[in-house]
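For reference, the chains in residue letters:
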Amino acid sequence: MERPRTRAAMKLLWCSALACAPACLAVPSMQMKGRPLILLGSFHKTGTHLMRSVITSYNQRCDPARCSGGKMLALYSRHMDKELDSDALTTYVEDGKGACIVFVRHPMEVIVSGVRYHLGSHEPWLHVSDNFRATGLPGLEANTTYQKALNQLSPRDRITFEMRGRAVRTINGMLAVARRWLVTGRCVRQQMEDFYSYASLQRAVDKWVRAQPQFNRAILLQAMRAANDVHPNPTAGVRALTYHKTMDARHIAEFNRTWPDALSLLGYD
């Protein structure tokens, strides 16, 4: 691979591994010559840290003797819903400049996981005051933060609040990308749940190698296992979907009214 000749070019090249702005996708092709490339996209609570951990683990294990194509150069789009209309992202995907894998998650799991995470997270936006009475839930203060609002509610109403709150952007973002690039085959869909067991990891490996044939299959499987601490026994440590334990019939009915085609578009029907 040719080395960048300027400090600015160096910053642009390596932002692909460190940041998530659309500008990171504008790496000149001459600076990627001979380097296997993949774009990994995700949304809030759909596997952002997991996808980065897989590539980090893969590259740590990758040496010239085992990886003929070399270490994988990954471009990250952490909030693909925000970047969907960026010229750089559109050019990369629709002009076929490289492989593309998009992490999605069962949308009801996004809601349940979001409640648990947002109750205690230190992300700055959770602590900005706003008026959440528009969610239609009783008992909320007129001027409070997202996290305080969650803590004011009963466990049942927290699900409703999240479903009408932050989860809206994540689920709508997943569906927008699905309609534009997943159903058309521009990008490969990676369900986060494939990382829940050793058996399903094999399916994930098949998807990634199909998207980017320069992956070393054996090393990729090791990296995926290490990234999510998956037990090698196919029957051990299997995680299951948990939304049905906290979402009742009322929640599911509202979900289906709001996103009637979500499960089929994301492959969960």
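In the block above lies the structure referred to throughout.
If you're wondering where the values come from, they're calculated on a predicted model, not measured in any experiment.

## Concerning unusual backbone geometry
Item 1. Unusually for a residue other than glycine, Lys-45 sits at a positive phi of about 70°.
Item 2. By the element assignment, Lys-45 lies in the loop between strand 1 (37–41) and helix 2 (48–61).
Item 3. What makes Lys-45 partly exposed here is its relative accessible area of 22%.

## A word on helix 7 (residues 155–164)
The α-helix advances 3.6 residues per turn, and as a result positions three or four apart in sequence lie on the same side.
Item 1. With seven of ten residues buried, helix 7 lies mostly within the body of the structure.
Item 2. When helix 7 is considered as a whole, its buried residues turn out to be Asp-157, Arg-158, Ile-159, Thr-160, Phe-161, Glu-162 and Met-163.
Item 3. Those residues of helix 7 that are buried lie in contact with helix 5 (107–118), helix 6 (146–152), helix 8 (166–182), helix 11 (243–246) and helix 12 (249–258).

## Brief notes about the environment of Cys-100
Item 1. Residue placement: Cys-100 occurs in strand 3 (residues 99–104).
Item 2. Sequence separation between Cys-100 and Leu-75 is 25 residues, and the spatial gap between their C-alpha atoms is 9.3 Å.
Item 3. Not counting chain neighbours up to four residues away, the residues in contact with Cys-100 comprise Leu-39, Tyr-92, Val-93, Arg-186, Cys-187 and Val-188.

## Things to note about the packing of helix 7 against helix 12
Item 1. For the pair helix 7 and helix 12, interaxial distance at closest approach is 10 Å and the crossing angle is 10°. One element, helix 7, and the other, helix 12, form an angle in the roughly parallel class. On helix 12, the residues touching Arg-156, Asp-157, Ile-159, Thr-160, Met-163 and Arg-164 of helix 7 are Arg-250, His-251, Glu-254 and Phe-255.
Item 2. Class assignment for the residues of the contact of helix 7 with helix 12 results in three nonpolar, two polar and five charged.

## A look at the packing of helix 2 against helix 10 (residues 217–228)
Item 1. At their nearest, the axes of helix 2 and helix 10 sit 8 Å apart, and the two run at 130° to each other. Accordingly, the angle class assigned to the pair helix 2 and helix 10 is oblique. Along this stretch, helix 2 crosses helix 10, giving a crossing that reads as right-handed. For the pair formed by helix 2 and helix 10, the contact residues are Leu-50, Ser-53, Val-54, Ser-57, Tyr-58 and Arg-61 on the first element and Ile-219, Leu-220, Gln-222, Ala-223, Met-224, Ala-226, Ala-227 and Asn-228 on the second.

The rules behind these values
- Residues numbered from 1 in each chain as written.
- Predicted model: local features only at pLDDT ≥ 70, side-chain atom pairs only at ≥ 80, totals over all residues.
- Heavy atoms only, no water.
- Helix = DSSP H or I, 4+ residues; strand = E, 2+ residues; numbered from the N terminus.
- Buried < 20%, exposed > 50% of the residue type's maximum accessible area, 1.4 Å probe, protein only.
- Contact = heavy atoms within 4.5 Å.
- Axes fitted to C-alpha atoms, helices over the stretch in contact; angles between N-to-C directions.
- Parallel < 35°, antiparallel > 145°, perpendicular 65-115°, else oblique.
- Nonpolar A, V, L, I, M, F, W, Y, C, P; charged D, E, K, R; others polar.
- Left-handed = near helix turned anticlockwise from the far one by under 90°.

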